[in-house]
Amino acid sequence: MSIYFLGINGVIGSGAFLIPQTIYKDMNLMSVFITICAALTVSMVTLCYADLSSRFTGSGAAWLYSYHAFGRFTGYELGIYTWFLGCCTYAAEIVALLTILKTLSPVFSNHAVHYGIAIGIIVLIVLFTIINLFGRTIVKLVDNLSSAAKMITILIFIIIGAFFIHKMNFTPVIPKAATLGVGPYFKHFGAAFSVVFYMFTGFSFIPIAPKQMNNPEKNIPKVLISVMITVTILYALMMLVAIGILGSKMVNYSTPIAVAFQKAVGDWGYVLVIAGMLISVIGVAFAGSFNTPSLIASLANEHAMLPKWIGKKNKHDAAWVAILLSAIITMILITQSYLFLVSCIVLASFIQYVPSILAVIKFKHTNEFPNNGFKLPFGYVIPALALIISCYMVTNFTWKTILVGIVVGVLAAVAYFFIEKDEEKHQKYLSKMRNK
C-alpha cells in the first residue's frame, strides 16, 4: 500500500487542479474524451514499464532498462534526462504552489509578499531535504498521509459535486474553431493532448527505488497498473463534474476545480479543494524530493557511471550528496514559468519512454532477463503501439523546449568523457549479471 500511495502521490499533483482550464479551452466537453485517450496512451507505456520492472530489482527505472538493452552510454544519458525530469517535476510543483497562493487573495501578488513567499518556498525545499536526510521511514509516513488526504478531497468533490451538475453546461461539445477542418481539429486535439499527457507522467518514478521496497518484481507491476486505473477514473470524473458545474465559464478560472465546488456548496467547498490542492502539490514535490536523488545516487552506487561521492550515504541510508545536489538544481529551476516546466517534463518523459519501449522489444526478442511476477501480453503489439503514440508527442514540442532537451543531452555527453568513472566496479556488476 505504501508503494501504491507513493504512485498516487507521484501522479496526482498540480496538473489535476490547474490544467483543466487549459484543456477545456482547447476541446470543451471533448476534454473528458482527451483525458481518457491520454490515459490509454500512457497506459501502453506503463505496461512496458511493468514488464521491465518485473525483470530488474536495481534502482534507476528507465536508465537501468536502457543500460542493459543498449549499453552504458545510453543508460547514462537516460539517467541524466530522468534526473532532469525529476528536478523539473519537483520545481513545477513548487511553482504551482505559488500560483495557488496567488489565487487566494490579491495580497499574494504584492511584490513584498511575493518575495516573502519565494523565501518560504526555498525554506520548504530545505525542509524536504532535511526530512529525506533521515531516511525512508519518515518519507513513507508523510507520503502516505498526503496521498490519502488528496484522494479524500477529490472523492468528496466528485461525489458531492455530481448533484450540482447542469446538463446545459455540457455544450458546446467541441470549440467552433476545431470544427473548421481536419487541420484545426488536430491542432486543438494536439494542444490539449500534450497538456493532459503531463498529468500522467509521474508513474515513471514508481520503479526508481525498488531496493527500498518489498518484493518489487511483483508489487511494482501491480502498483503501476492499479495507479493508472485509479488516476484515470479520478481525472475523467473530475473533468466531467467541473464542466457540469461551470460549463463554458471554466476558461475564466485558473483554479476551476476549487471554483466549481465553491459554486456548488459555498465557500467551504472552495477552502476544502484549495487545501486539497496544497496537500497534492506538496505531496508530489515531496515524492520528487525523495525519488529524484535516489535516481542519480543509483548512477553512482550501482553502476559507477558517476563519481562515488555523489552516491555517498549517511547513517540513515540516505544519499545525502544526491539529495543536496537535486535540491540546488530545483532551486534554480523554480525561476521558470509553470507551463515551461510542464513542457520540459513532457519532453524528458518522451526521451525516457522511447528507449524503455525499445528495451521491452529487445528483451522479448532475445529472452534476456526473464520476467518475475508480470509478463506483457500480446507479444509485440503493446510496445509497438506505445512507440507509435510516444513518437506522436514530437509534433507537439516547441523549439524552445527541444533546444533545452538538446542542451541537456549535449552537456551530459560532454561530461561523460570527463567524469571519473569506476570501471572496475562496472565490470564486476556486468560479470555478476552474466552469472545470473
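Please refer to the structure placed before this passage.
Residues numbered from 1 in each chain as written. Predicted model: local features only at pLDDT ≥ 70, side-chain atom pairs only at ≥ 80, totals over all residues. Heavy atoms only, no water.

### Some words on the overall build of the chain
Now for step 1: Scanning the chain for helices and strands turns up 17 helices and 0 strands.
Now for step 2: Long-range contacts, defined here as pairs at least 24 residues apart, represent 83% of the contacts in the chain between residues at least 6 apart.
Now for step 3: Carbon together with sulfur atoms contributes 71% to the accessible area of the chain, which is approximately 18,100 Å² in total. (Helix = DSSP H or I, 4+ residues; strand = E, 2+ residues; numbered from the N terminus. Contact = heavy atoms within 4.5 Å. Areas by Shrake-Rupley, 256 points an atom, 1.4 Å probe, with all protein chains shown as cover.)

### Here's the deal with unusual backbone geometry
Now for step 1: With omega at 0°, the peptide bond leading from Thr-171 into Pro-172 counts as cis.
Now for step 2: Positionally, Pro-172 belongs in the loop between α8 (136-161) and α9 (182-198).
Now for step 3: With phi around 50°, Asn-28 is a residue other than glycine that occupies positive phi space.
Now for step 4: Its location among the elements puts Asn-28 in the loop between α3 (20-27) and α4 (30-53).
Now for step 5: Of note, Phe-369 is a non-glycine position whose phi angle comes to about 50°, a positive value.
Now for step 6: Position of Phe-369 among the secondary structure elements: in the loop between α14 (338-366) and α15 (381-392).

### A short note on the pattern of salt bridges
Now for step 1: Tallied over the entire structure, the rule returns 1 salt bridge.
Now for step 2: Between Arg-55 and Asp-51 there is a salt bridge; the shortest N-O distance is 2.8 Å.
Now for step 3: Owing to a relative accessible area of 11%, Arg-55 belongs among the buried residues under this scheme. (Salt bridge = Lys/Arg side-chain N within 4 Å of Asp/Glu carboxyl O. Buried < 20%, exposed > 50% of the residue type's maximum accessible area, 1.4 Å probe, protein only.)

### What to know about the packing of aromatic side chains
Now for step 1: Per the stated rule, a full pass over the model turns up 18 aromatic pairs.
Now for step 2: Measuring from centroid to centroid gives 4.8 Å for Tyr-76 and Tyr-416, while their planes differ by 50°, and the two rings are tilted. Here the residue Tyr-76 occupies a position in helix α6 (residues 72-104), and Tyr-416 occupies one in helix α16 (residues 399-416), the gap between them amounting to 340 residues. Here Tyr-76 matches Tyr-416 in class, with each residue buried.
Now for step 3: Judged by centre distance (5.6 Å) and plane angle (25°), the rings of Phe-203 and Tyr-353 are stacked. Of the two residues, Phe-203 sits in the loop between α9 and α10 (216-246) while Tyr-353 sits in helix α14, which places them 150 residues apart along the sequence.
Now for step 4: Looking at Phe-203, the relative accessible area reads 0%, which means it is buried.
Now for step 5: Through successive ring pairs, a cluster of aromatic residues spans Tyr-49, Phe-56, Tyr-65, Phe-203, Tyr-353, Phe-363 and Phe-369. (Phe/Tyr/Trp six-rings, centres within 6.5 Å; stacked < 30°, edge-to-face > 60°.)

### What to know about α15
Now for step 1: Taking 1.5 Å per residue as the helical rise, α15 with its 12 residues ought to reach 16 Å, and the 17 Å between its terminal C-alpha atoms agrees with that figure.
Now for step 2: Within α15, burial applies to Ile-382, Pro-383, Ala-386 and Ser-390. For α15, the angular spread of the buried residues around the axis is 90°, confining them to a single face.
Now for step 3: On its buried face, α15 is in contact with α4 and α14. (Expected span 1.5 Å × (residues − 1). Arc of directions from axis to C-beta.)

### Notes on the environment of Gly-379
Now for step 1: Within the secondary structure, Gly-379 sits in the loop between α14 and α15.
Now for step 2: When the C-alpha atoms of Gly-379 and Ile-361 are compared, they prove to be 8.8 Å apart, with 18 residues separating the residues in sequence.

### Side note on α14
Now for step 1: When the terminal C-alpha atoms of α14 are compared, their 42 Å separation across 29 residues agrees well with the 42 Å that a helix rising 1.5 Å per residue should span.
Now for step 2: The buried count for α14 comes to 22 of 29 residues, which makes it a mostly enclosed element.
Now for step 3: Where α14 begins, the side chain of Ser-337 points an oxygen toward the backbone nitrogen of Phe-340, at a separation of 3.2 Å.
Now for step 4: In the stretch just after α14, Asn-367 is the one whose phi turns positive, near 65°. (Polar contact = N/O pair within 3.5 Å; in protein donor to acceptor, adjacent residues only side chain to side chain.)

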